Amino acid sequence: MTQSAITEAPVAGPDVPVARRSPRLRWILLAVGLVAALALPWFVYPPVAMDIVAMALFAIALDILLGYTGLLSFGHAAFWGSSAYVTALIATHYGVPFPVAVLGGAVFAMILALPIGYVSVRRSGIYFAMVTLAFAQMVYFIGYQWSDLTGGENGLQGVPRSFFGIELVETESFYFYYAALPILLFGMWAAWRIVHSPFGRVLVSIRDNSQRARALGYEVEKYKVIAFVLSAGLTGLAGGVFAISHGFVALTELHWTTSGDVVLMTVLGGIGTLWGGAVGAFLTVMLADYLASSGFHGIDLVTGSVFVIVVLLFRRGVWGTVRHRWMVHRQRRLSSRR
Amino acid sequence: MFAVTPGRVAVRTRALTKVFRGFRAVDAVDLEVREGSVHALVGPNGAGKTTLFNLLTGFLSPTSGAITVFDEDVTGKPPEQVARRGVARSFQITSLFETLTSREHVELALQGHGRQGFRFWRSEKLLGRNRARVDELLAQVGLTSLADKQVGLLAYGQKRALELSLVLALDPPVMLLDEPTAGMGIEDVDRTIELVRRISAGRTVVFVDHNMHVVGSLADRVTVLQQGRVLAEGGYDEVRNDERVITAYLGEADHA
């Protein structure tokens, strides 16, 4: 405490990675991710591959709030599910190409997120989580009751998949995957852009120390609402693609367990890492699919156990741990070179 | 720099009172801070200095009374609005964004006033545009060589220095510094005094400090608080010779 600011040696905190990733590595990772996304339906049953990428965007969109703004939304099923319904309704009633329907669903999710976000961000921590959950339950209830529109417990069936009359895409899920992939990749790019923008920097500052951000003149609530709406919009893109891919929307998409699942995926991959969400979604969907196809009945038991083990062993999540190890390694190499 | 009108009041409180569950932390305080002056708030622990700071900057709402900044009523306004009216503060307990670097801190502070922070579709490299200004601000507080280190890794004194540079980045007409030298060693205290003196030209500064050396070197005017009330006010020498003050506070600090 009594040393000079200049002479005192900085103490390395155990938790703060110092090195930032090199630009070259960033390009390599991007290329690997793209190749993986393009190759996925060759190795995985295409509808499952579509689920993985849609869930990946869902988890990434949630991470904008959870990892970068420090807000745990426990009501994102409202945006995922409502976009799925709206997308399905637009596709059914207007017969437009599916990307247009998906866009409509995402816009609806953003409109819905505005009042929900406006109210929810007045609270933080567990209260924020509970308020978002309560709103999502209200949306679920509306979806359940308004069966003329949503089909209630039966869901919406036979959602058409229209794509400029290109039959291969409309009927074969393998080709549909490639038609829908750009929408989801765009969503992921947008999420990356958001967290690495001037706006994203403010979000991180709010996460780290919201009072200090206020003292610098930032209107913290406004930033949180915008982050919430953007996250809901990207969630909506994912939910819309999911609905078209399945040709069916079930009430489950609005259920609170869907909100819980996406939180698990994000945490499993590593919060505040963005791409961790994709890793979490891949692992979760693949595991559930493997167990289901092997006729096993305790899927949730196994995925739950995996989650507990991963979080206990790697509290940064799978991707978060890999990234951290790499940075520590890089830091050592850099300092030994000096 | 700002045009200073001598005699104009920069910050004024009228019967400002904050009650916490029956405890009057700040009790009917009338304060007048002249534009361009360096005004110290002193008093024993629990005298209400930090509460007064929190009231002045909107982090607390007063129970009663009023606050004006350049004759504009800011009573009950939230912190970000007070900040946007040109009142910037530093914190007694170092309050930073642990995962960002010093440079990123200053960049954030520089864009705080505009609407640029909402641009989620642009690259954060945009924040680096003011590089010369950022470098200058970091150099002012001696953090040039540590600019790209995450502040979680900085030493205490370095974090205090960064606190000051954030206030400076806002380039505010009114600066409120809550114990700018708390926990610093002698040489850093003197450096900080020098720095505050330099940056106070053309600005109004209100600061809290326990170190009488700091108060004596910087303050044009001193307000002594005790149990939430104003005990005495005047120039440093005037106040330090005040009987009530000697018994209440300076007695232990200065005449020990």
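What counts as what
Residues numbered from 1 in each chain as written. Chains lettered and ligands numbered in written order. Predicted model: local features only at pLDDT ≥ 70, side-chain atom pairs only at ≥ 80, totals over all residues. Contact = placed C-beta atoms within 7 Å. Helix = DSSP H or I, 4+ residues; strand = E, 2+ residues; numbered from the N terminus. Nonpolar A, V, L, I, M, F, W, Y, C, P; charged D, E, K, R; others polar. Core = buried A, V, L, I, M, F, W, Y, C linked by C-beta atoms within 7 Å. Buried ≥ 20, exposed ≤ 12 C-beta atoms within 10 Å, placed from the backbone. Pairing = 2+ DSSP bridges. Axes fitted to C-alpha atoms, helices over the stretch in contact; angles between N-to-C directions. Right-handed = clockwise from strand over helix to strand, strands pointing away. Arc of directions from axis to C-beta. Left-handed = near helix turned anticlockwise from the far one by under 90°.

A.B. asks: Could you clarify how one ought to interpret the interface of chain B and chain A in this entry?
C.D. replies: Many structure descriptions define interface size as the accessible area lost when the parts assemble. Listed as interface residues are 47 residues of chain B and, on the opposing side, 37 residues of chain A. At the level of elements, α2 (79-84), α3 (102-111), α5 (156-169) and α6 (186-199) of chain B are the ones that each hand at least two residues to the side of chain B that touches chain A. No other element matches the 5 residues that α5(B) contributes to the side of chain B that touches chain A. Partitioned by chemical class, the residues of the side of chain B that touches chain A number 20 nonpolar, 16 polar and 11 charged.

A.B. asks: What am I meant to see in the nonpolar core here?
C.D. replies: In a soluble, globular protein the nonpolar side chains are often hidden away together inside. Residue and element names in this part refer to chain A. One finds Leu57 and Ala238 to be the most contacted residues of the largest nonpolar core, which totals 175 residues. Here this core takes 16 residues from helix α2 (residues 46-66), the largest share from any one element. Leaving out residues up to four positions away in the same chain, Ala238 has contacts with Ala54, Leu57, Phe58, Ala61, Trp80, Leu184 and Gly187.

A.B. asks: Would you explain the sheet that holds strand β6 (residues 87-89) of chain B in this entry?
C.D. replies: Pairing between the strands of a sheet is mediated by backbone hydrogen bonds and can be parallel or antiparallel. Residue and element names in this part refer to chain B. Across the sheet, 6 strands lie side by side as β6-β7-β8-β3-β9-β10; this open sheet has mixed pairing. Sheet topology places β6 and β10 (229-234) at the edges, where each strand pairs with a single neighbour. Pairs of neighbouring strands in the sheet enclose a mean axial angle of 20 degrees, with direction left out of account. As defined by bridge partners, strand β9 (residues 221-226) adjoins β10 across 5 bridges and the pair is classed as antiparallel. Opposite Val224, over in β10, you have Ala232 as the bridge partner. Its contacts with the sheet put helix α1 (residues 49-56) on β3 (38-42), β6, β7 (174-178), β8 (204-208) and β9, and the angle it makes with β7 is roughly 150 degrees.

A.B. asks: Looking at this structure, how should I read the sheet that holds strand β1 (residues 9-20) of chain B?
C.D. replies: Residue and element names in this part refer to chain B. In spatial order, the strands read β2-β1-β4-β5; together these 4 strands make up an open sheet with antiparallel pairing. Looking at the sheet topology across the chains shown, the edges are occupied by β2 (23-34) and β5 (72-73). When β1 meets β2, the two strands line up antiparallel, connected through 8 bridges. Bridged to Phe20 within β2 is Phe23. Contacting β1, β2 and β4 (64-69), α1 crosses the sheet at an angle of about 65 degrees to β2.

A.B. asks: Where do I start with the pairing of β8(B) in this structure?
C.D. replies: Each regular strand carries side chains that alternate between the two faces of the sheet. All names here are of chain B. Along β8, 5 of the 5 residues are buried, which leaves the element largely enclosed by surrounding structure. Residues Thr204, Val206 and Val208 of β8 are buried on one face, and the alternating residues Val205 and Phe207, pointing to the opposite face, are buried as well. Note: β7 against β8, 5 bridges, orientation parallel. Paired with Leu176 across the two strands is Val206, which belongs to β8. The parallel pair β7 and β8 is bridged by α6, and the resulting crossover is right-handed.

A.B. asks: Mind showing me how you'd approach unusual backbone geometry here?
C.D. replies: Trans is the common state for peptide bonds, and a negative phi is the common state for residues other than glycine. Residue and element names in this part refer to chain B. Notably, Asp171 is not glycine yet its phi reads approximately 50 degrees, a positive angle. Looking at where Asp171 falls in the secondary structure, it is placed in the loop between α5 and β7. The backbone of Gln227 shows a phi angle near 45 degrees, a positive value even though the residue is not glycine. Topologically, Gln227 is positioned in the loop between β9 and β10.

A.B. asks: How should I be thinking about helix α4 (residues 131-140) of chain B in this particular structure?
C.D. replies: Two residues of an α-helix separated by three or four positions point the same way, owing to the 3.6 residues in each turn. Residue and element names in this part refer to chain B. Those residues of α4 not exposed but buried are Val134, Leu137 and Leu138. Across the axial projection of α4, the buried residues extend over an arc of 95 degrees, all falling on one side. Buried residues along α4 sit against α3 and α5. Two residues or fewer after α4 comes Gly142, characterised by a positive phi angle close to 75 degrees.

A.B. asks: Is there a simple way to think about the packing of helix α4 (residues 98-120) of chain A against helix α11 (residues 220-246) of chain A in this case?
C.D. replies: For any two helices packed against each other, the geometry comes down to the angle between their axes and how far apart the axes lie. Residues and elements named next belong to chain A. Interhelical geometry of α4 versus α11 gives an angle of 145 degrees and a closest axis separation of 7 Å. For the pair α4 and α11, the sense of crossing is right-handed. For the contact of α4 with α11, the per-class residue count stands at 18 nonpolar, 7 polar and no charged.

Nothing here speaks to function; it is geometry throughout.
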